[in-house]
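In case you want the letters, here they are:
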Amino acid sequence: MSRNDTRSVPAGRPSSRAFARPRRKGPGFGHWLAALPLVAVACITFGGRAPAGMSSPESVAAAPDEMPGRWSIGNARDLISVIEESTEEGLNPADYNIDALHAAVAAKQKGPALDALATASALRIAHDYANGRIDDKAALGWYIDPPTDPNRIAAGLAEALDHGRLGSWLRGLLPDNEQYRALKAAYADARGDEALRGQLRANLERWRWMPRELGDRYIYVNVPSYRLSVISGGIEEASYNVVVGAPKTPTPQLQLYAQSVVANPGWTVPQSIIKAGGMRGKGFRWTRNADGSVSAWQAPGPSNALGRIKIDMPNPHAIYLHDTPNRAVFARQNRALSHGCIRVENIEELAAMLQGGDGLDEALADPRKTKVLHLERSVPVYLVYFTAQADPDGTVRSVGDPYGRDKALLAKLGAAMEGELQVAGR
């Protein structure tokens, strides 16, 4: 669905709350597998490795020790119910040994064999609900840490089984926010439109990658929408047009913290820009380094590429929010134009909102002098990538896919039903 596609999918109005199957090798295998720590079971049943970030068996001494006898037929039925419901989340029950679990329950199987099968399936779906199914998120430009530590997942499973609340615990691992609920409702309503369902599946998966608590007040930049929002108490306090990274120099997905406002910043030009010959403007100071390379620094002033203000958020990717002397770019429909940083329209207003405005005008008065104004309290900043999002009334709309990432994500996610991936990826 293109950016100009006006189709939308009405989803029920959201709540007002803020924004490989295991193989048995001989009669002793089930007994041996069932006695392993939960994380070790996960390593064996997930193709020789644990889910993303999951520790190796040798490093999880604190994990729950044994599962034998914990899996009753009732618990297995609860697990089957959750797995069957996973289709509503855009996932495939076949990925969680659903047929083998049905057969085990029908045969009233108990003991080590059921324990091993059910534990592996439960850990897998718990991981996918808590952290998303795709482990290699960095291949898709996503560098936000997984929401849930895998050892906590293993401990949570043991506790849920002990207290008879497996179903509620598993469901509680999913995102609980209005965006996820709206996307899920739209996914259910879009039966028959497999391309749209593919797009919605991709965005449901991305929300499973997100932190479950974003904070009381934060900055939210959805790259495909070319918008920055300040969210306070679940309400949009302000919103600004932005320019984001071009497809060749995409903005990475990060969780950062705004710590200071820099008035009249100088610009140390990244080596990637120097090598690409992307130098524009005046006032550069060139330095030859010991290794033969050159460095460039642009002095503060009207021609500086960062404009009059930079909002600093320290990170190894050298990404920040900043002004620009070229204000005409904000009127363009396609604003994927930068080298990766976020240019913000009316950034003075945003800076004053974050900093309180105290001393900002004075700091900006001399355009040749740089002054750093530290924020009283750091503000979380989320640079994300959602190609479909819900409006306040719950209607889900497409906002484009400037980096073409939905197709790559769906290829990694796998088809939810026969033929869906092929259609969605056209």
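Quick look at the structure, then. (Residues numbered from 1 in each chain as written. Predicted model: local features only at pLDDT ≥ 70, side-chain atom pairs only at ≥ 80, totals over all residues. Heavy atoms only, no water.)

**Concerning the overall build of the protein chain**
Step number 1: When helices and strands are tallied, the protein chain shows 14 helices and 15 strands.
Step number 2: Here the protein chain holds 426 residues, and 51% of them are scored as buried.
Step number 3: As displayed, the protein chain offers around 19,500 Å² of accessible surface, 49% of which is attributable to carbon and sulfur atoms. (Helix = DSSP H or I, 4+ residues; strand = E, 2+ residues; numbered from the N terminus. Buried < 20%, exposed > 50% of the residue type's maximum accessible area, 1.4 Å probe, protein only. Areas by Shrake-Rupley, 256 points an atom, 1.4 Å probe, with all protein chains shown as cover.)

**Side note on the pattern of salt bridges**
Step number 1: Per the stated rule, a full pass over the model turns up 15 salt bridges.
Step number 2: A salt bridge links Arg133 to Asp95; its shortest N-O distance comes to 3.6 Å. Of this pair, Arg133 sits in the loop between helix H5 (112-131) and helix H6 (150-162) while Asp95 sits in the loop between helix H3 (73-85) and helix H4 (98-106); the two residues are 38 residues apart in sequence, bridging distant segments of the chain.
Step number 3: In this structure Asp95 comes out as partly exposed when scored by relative accessible area, which is 29%.
Step number 4: By sharing partners, the salt bridges in this structure join Asp95, Arg124, Asp128 and Arg133 into a single network. (Salt bridge = Lys/Arg side-chain N within 4 Å of Asp/Glu carboxyl O.)

**What to know about unusual backbone geometry**
What is expected of a backbone is that most residues other than glycine have negative phi and most peptide bonds are trans.
Step number 1: Although it is not a glycine, Asn97 sits at a positive phi angle of roughly 60 degrees.
Step number 2: Looking at where Asn97 falls in the secondary structure, it is placed in the loop between H3 and H4.
Step number 3: By relative accessible area, Asn97 is classed as buried at 7%.
Step number 4: A positive phi angle, near 55 degrees, is found at Asn346, a position not held by glycine.
Step number 5: The topology assignment puts Asn346 in the loop between strand E12 (342-344) and helix H11 (347-355).

**Let's talk about the environment of Gly74**
Step number 1: Within the secondary structure, Gly74 is located in helix H3.
Step number 2: Using a relative accessible area of 36% as the deciding quantity, one classes Gly74 as partly exposed.
Step number 3: Taking C-alpha positions, Gly74 is 8.9 Å from Val105, a pair spaced 31 residues apart along the chain.

**With respect to the pairing of strand E15 (residues 395-398)**
Step number 1: Of the pairings in the sheet, the one linking strand E14 (residues 388-390) to E15 comprises three bridges and is antiparallel in character. Paired with Gln389 across the bridge in E15 is Arg397.
Step number 2: Counted between consecutive antiparallel strands, the loop separating E14 from E15 contains four residues, among which Gly394 sits at a positive phi close to 95 degrees. (Pairing = 2+ DSSP bridges.)

**Description of the packing of aromatic side chains**
Step number 1: One pass over the structure, following the stated rule, counts seven aromatic pairs.
Step number 2: Consider the rings of Tyr218 and Tyr382, whose centres lie 5.5 Å apart with planes at 85 degrees: the pair is edge-to-face. With a gap of 164 residues between them, Tyr218 in strand E2 (residues 217-222) and Tyr382 in strand E13 (residues 371-384) connect regions that are remote in the sequence. Assigned by exposure class, Tyr218 and Tyr382 land together as buried.
Step number 3: Where Tyr385 meets Tyr403, the ring centres are 5.4 Å apart and the plane angle is 20 degrees; that geometry is what we call stacked. A residue pair is termed long-range when its members are at least 10 positions apart, and Tyr385 in the loop between E13 and E14 and Tyr403 in the loop between E15 and helix H13 (405-413) qualify at 18 residues.
Step number 4: Note on Tyr403: relative accessible area 14%, which makes it buried.
Step number 5: Members of the aromatic cluster, connected to one another through ring pairs, are Trp142, Trp207, Trp209 and Phe386.
Step number 6: Stacked on the ring of Tyr187, the Lys or Arg Arg197 has its end atom at 3.9 Å from the ring centre.
Step number 7: A cation over a ring is seen here: Lys310 above Tyr320, with NZ or CZ 4.7 Å from the ring centre. (Phe/Tyr/Trp six-rings, centres within 6.5 Å; stacked < 30°, edge-to-face > 60°. Lys NZ or Arg CZ within 6 Å of the ring centre and 35° of its normal.)

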